[in-house]
Amino acid sequence: MFKALLLDLDDTLIKSSQLYEKALHFASDYIADKYAMDKEMFFQVALEKDTLVRRNFPTVHTRHSRILVFRNALDEMEIKYDLSSLPDAEDIYWNYFRQNIEVYDGVLETLAVLKKHKIKTAIVSDGGLSLRIRKTQQAGLLPFIDEIFASEEVIFEKPFSAIFTLTLNRLGVEGNEAIMLGNNYKNDIRGAQLVGIRAGLFDPKKDGNVEGQDGTIVADFVIHEFSEILKEFGIKK
Ligand SMILES: [Mg+2]
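Caption draft 1: Quick peek at the pairing of strand S2 (residues 120-125). Of all six residues making up S2, five are buried, and the element is well covered by its neighbours. As defined by bridge partners, strand S1 (residues 4-7) adjoins S2 across four bridges and the pair is classed as parallel. Bridging from a neighbouring strand, Leu5 pairs with Thr121 of S2. In terms of strand pairing, S2 meets strand S3 (residues 147-150) through four bridges, oriented parallel.

Caption draft 2: Spotlight on the nonpolar core. In this structure, Leu5, Leu6, Leu7, Ala122 and Ile197 are the most contacted members of the largest nonpolar core, which totals 40 residues. In this structure Leu7 touches Thr12, Leu13, Thr121, Ala122, Ile123, Val124 and Leu181, once residues within four positions along its chain are discounted. Core analysis: the next-biggest nonpolar cluster, separate from the first, contains 16 residues, Phe43, Ala46, Phe70 and Ala73 among them.

Caption draft 3: Representation of the domain arrangement of the chain within the structure. Taken as a whole, the chain is organised into domain 1 (4-15 + 103-232) and domain 2 (17-99). Put simply, the middle of domain 1 and the middle of domain 2, counted by C-alpha atoms, are 28 Å apart. Listed by partner, the interface residues are 16 residues for domain 1 and nine residues for domain 2. Grouping the amino acids of the side of domain 1 that touches domain 2 by side-chain chemistry returns three nonpolar, five polar and eight charged.

Caption draft 4: Broad picture of the sheet that holds strand S5 (residues 198-202). Reading across the sheet, the six strands line up as S3-S2-S1-S4-S5-S6 and stay open at both edges, with parallel pairing between neighbours. Each edge of the open sheet carries a strand with a single partner, namely S3 and strand S6 (221-223). Taking the axes of each pair of neighbouring strands and ignoring which way they run, one obtains an average angle of 25° across the sheet. Taken strand by strand, helix H6 (residues 129-138) contacts S2 and S3, and its axis lies near 140° from that of S3. With respect to the sheet, helix H7 (residues 162-171) is in contact with S1, S2, S3 and strand S4 (178-182), its orientation differing from that of S2 by roughly 155°.

Caption draft 5: Up close: H6. Every buried residue belonging to H6 is among Arg132, Lys135 and Thr136, and all of these are buried. The arc enclosing the buried residues of H6, seen along the axis, measures out at 95°, which places them on a common side. Against the buried residues of H6 lie helix H4 (85-99), S2 and S3. Positive phi appears at Gly140, one or two residues downstream of H6, with a value of about 80°.

Caption draft 6: Molecular detail of the packing of helix H1 (residues 17-34) against helix H2 (residues 39-56). Contact geometry for H1 and H2: axes closest at 9 Å, N-to-C directions at 125°. Considering the angle they form, H1 stands oblique to H2. Crossing of H1 against H2: the hand is right-handed. Across the interface between the two elements, Leu24, His25, Ser28, Asp29, Ile31 and Ala32 from H1 touch Lys39, Phe42, Phe43, Ala46, Leu47 and Asp50 from H2. Residue composition of the contact of H1 with H2, grouped by class: seven nonpolar, two polar and three charged.

So, how was this worked out
- Along each chain, residue indices are assigned from 1 in the same order as the chain's sequence is written.
- Predicted model: local features are reported for residues with pLDDT of at least 70 only, side-chain atom pairs are reported and counted for 80 or more only, and whole-chain, interface and lining totals are derived from all residues.
- Here a residue counts as buried when 20 or more other C-beta atoms fall within 10 Å of its C-beta, as exposed when 12 or fewer do, and as partly exposed in between; the C-beta atoms come from the backbone.
- Helix and strand assignments come from DSSP, with helices taken as H or I runs of at least 4 residues and strands as E runs of at least 2, each series counted from the N terminus.
- When DSSP finds at least two bridges between two strands, those strands are taken to pair.
- We define a nonpolar core as a collection of buried residues of the types Ala, Val, Leu, Ile, Met, Phe, Trp, Tyr and Cys that are connected via C-beta atoms lying within 7 Å of each other.
- Placing C-beta atoms from the backbone, we regard two residues as in contact once those atoms come within 7 Å.
- The source of the domain bounds is an automatic or database domain assignment.
- By the convention adopted, Pro, Cys, Tyr, Trp, Phe, Met, Ile, Leu, Val and Ala count as nonpolar, Lys, Arg, Asp and Glu as charged, and the other residues, Gly among them, as polar.
- Fitting a line to C-alpha atoms yields each axis, with helices limited to the stretch in contact; the angle taken between N-to-C directions then spans 0 to 180 degrees.
- Regarding the arc, it is the one traced by the directions from the helix axis to the C-beta atoms.
- The labels follow the angle: roughly parallel below 35 degrees, roughly antiparallel above 145, roughly perpendicular from 65 to 115, and oblique for the rest.
- The handedness criterion is simple: a crossing whose near helix is rotated anticlockwise from the far helix by less than a right angle is left-handed, and one whose near helix is rotated clockwise is right-handed.

See below:
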């Protein structure tokens with residue numbers, strides 16, 4: 001009866017949150033080296049700016065901008081810097097991220113089984129489309145999924161319904177024919193439920209990052225291993 005699986009990307013398919021800080025460290029070190037600053041001090045400034053950018057741009061994909069993090073951090077240091085250092089640092093950040101991506105156990109195998117059973121799959125993720133595709137590719141998941149949709153395409157991030165309705169339209173399925181899986185109660189679970197999609201929480205025993213619970217959101221199901229999603233489609237492991 002369910003024909004499609006909608007998947008969040010970060011902390012659902014790939015272990016992202018633990019990698020963000022490492023990538024920030026790596027790119028901050030590059031900037032600190034270049035302008036002869038103390039590495040740990042500059043990293044702390046960058047970390048603070050990272051939090052600020054996320055807070056200052058809620059609901060739009062600017063929230064994910066790393067170039068603004070480096071600009072704000074360098075501005076605070078009051079040193080004269082080459083503008084080219086900004087995109088350089090951003091590239092270094094995302095290259096580090098992509099080179100160190102780890103996929104959760106069982107994801108590849110499970111997506112392969114879903115494909116065999118002709119279940120349509122789409123990644124539904126906040127941020128820019130280019131980076132979503134690159135992350136998916138680097139994680140080795142591109143051959144296993146049918147589509148990728150990014151909030152950039154609809155302006156507003158999850159839980160706003162536009163990205164979910166775009167996905168349903170493009171996959172050619174109704175809300176009640178789809179299942180959403182994510183790690184964020186507010187964005188993934190509530191967002192999907194608002195358009196009639198059954199929504200489950202991914203809460204792995206290791207390296208999980210469940211977030212966004214405001215005390216009122218109830219997931220339709222919770223899984224602790226990725227392969228458990230097969231049960232929702234009536235597929236035996
Ligand atoms: Mg996520």
